[in-house]
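Architecture and fold: a report
The residues making up each chain are set out below.
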Amino acid sequence: MSRIAVVPGSFDPITLGHLDVIERAAGIFDQIHVLVVHNPGKTALLPIAQRVSLIEQAVREGGLPSNILVTSWSVGLLVDYCTDVGASVIVKGIRSQVDVAYETPMAIVNRDLAGVETVFMLPSPAHAHVSSSLVRQVASLGGDVTPYVPGVVANYLQTPRTE
Ligand code: PNS
């Protein structure tokens, strides 16, 4: 049986910490679906389609395994997507106790709703301080984000846009 795991998140934008977790998950599960989900609790910087495109490019340029699919979901619960594609596991990266406290209720609700288990995965300590919100703030104030994000994301954020 092919085991599918979903790695969901806002990915606004994807960071090196996210990419590390995706790569580790791809080494454990048969297929990984990286799922960009709108989080209504957060003010978005990038359109969803742009986030998907940047993740696809980062996965390719990073030489990550080919069992990684990148897509988005906006029409219901995360577990609805999991059920639709036959995924029994959600993978979440955990940097600290703060992440454990944030993720635990969602993991329990997702299991209650649809029997989907959540696996917490530890990224490299090198990325423990990196978050998308930090990257958004540094980029918006003209700082260098290259230590925190894949090259394609740094290029995108640091290229002036007119829109
Ligand atoms: O990267 P984020 O913003 O921490 O990701 C949170 C996300 C998008 C995975 C979470 O908000 C989510 O699962 N949203 C989908 C809606 C849903 O299923 N909500 C119930 C989860 S308990």
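You'll find the structure just up there.
Source: prediction; values computed, not measured. (Residues numbered from 1 in each chain as written. Predicted model: local features only at pLDDT ≥ 70, side-chain atom pairs only at ≥ 80, totals over all residues. Heavy atoms only, no water.)

1. Digging into the layout of surface pockets
- The calculated volume of the largest pocket comes to roughly 960 Å³.
- If you go around the largest pocket, you meet 40 residues; those closest to its centre are Gly9, Ser10, Lys92, Tyr102 and Glu103.
- Elements supplying a minimum of two residues to the lining of the largest pocket: strand 1 (4–9), helix 1 (16–26), strand 4 (87–93), helix 4 (97–114) and helix 5 (132–140).
- Per element, the largest residue contribution to the lining of the largest pocket is eight residues, and it comes from helix 4.
- The class makeup of the residues in the lining of the largest pocket is 19 nonpolar, 14 polar and seven charged.
- Approximately 170 Å³ is the volume found for the second largest pocket.
- If you go around the second largest pocket, you meet ten residues; those closest to its centre are Leu45, Leu46, Tyr156, Leu157 and Arg161.
- The greatest single-element share of the lining of the second largest pocket, amounting to three residues, is contributed by helix 5.
- Partitioning the lining of the second largest pocket into residue classes produces six nonpolar, one polar and three charged. (1 Å grid on protein atoms, 1.4 Å probe; cavity = no way out; pocket = protein on both sides within 12 Å on 5 of 7 lines; lining within 4 Å. Points joined across faces, edges and corners; volume = space filled by probe spheres on them. Helix = DSSP H or I, 4+ residues; strand = E, 2+ residues; numbered from the N terminus. Nonpolar A, V, L, I, M, F, W, Y, C, P; charged D, E, K, R; others polar.)

2. Things to note about the pairing of strand 4
- Most of strand 4 is tucked away, with five of its seven residues classed as buried.
- Bridging between strand 1 and strand 4 involves three bridges; their strand directions are parallel. Along strand 4, the bridge assignment pairs Val6 with Ile90.
- Where strand 4 meets strand 5 (residues 117–121), five bridges bridge the pair, whose relative direction is parallel. What sits directly across from Lys92, in strand 5, is Phe120.
- In terms of handedness, the path from strand 4 via helix 4 over to strand 5 forms a crossover that is right-handed. (Buried < 20%, exposed > 50% of the residue type's maximum accessible area, 1.4 Å probe, protein only. Pairing = 2+ DSSP bridges. Right-handed = clockwise from strand over helix to strand, strands pointing away.)

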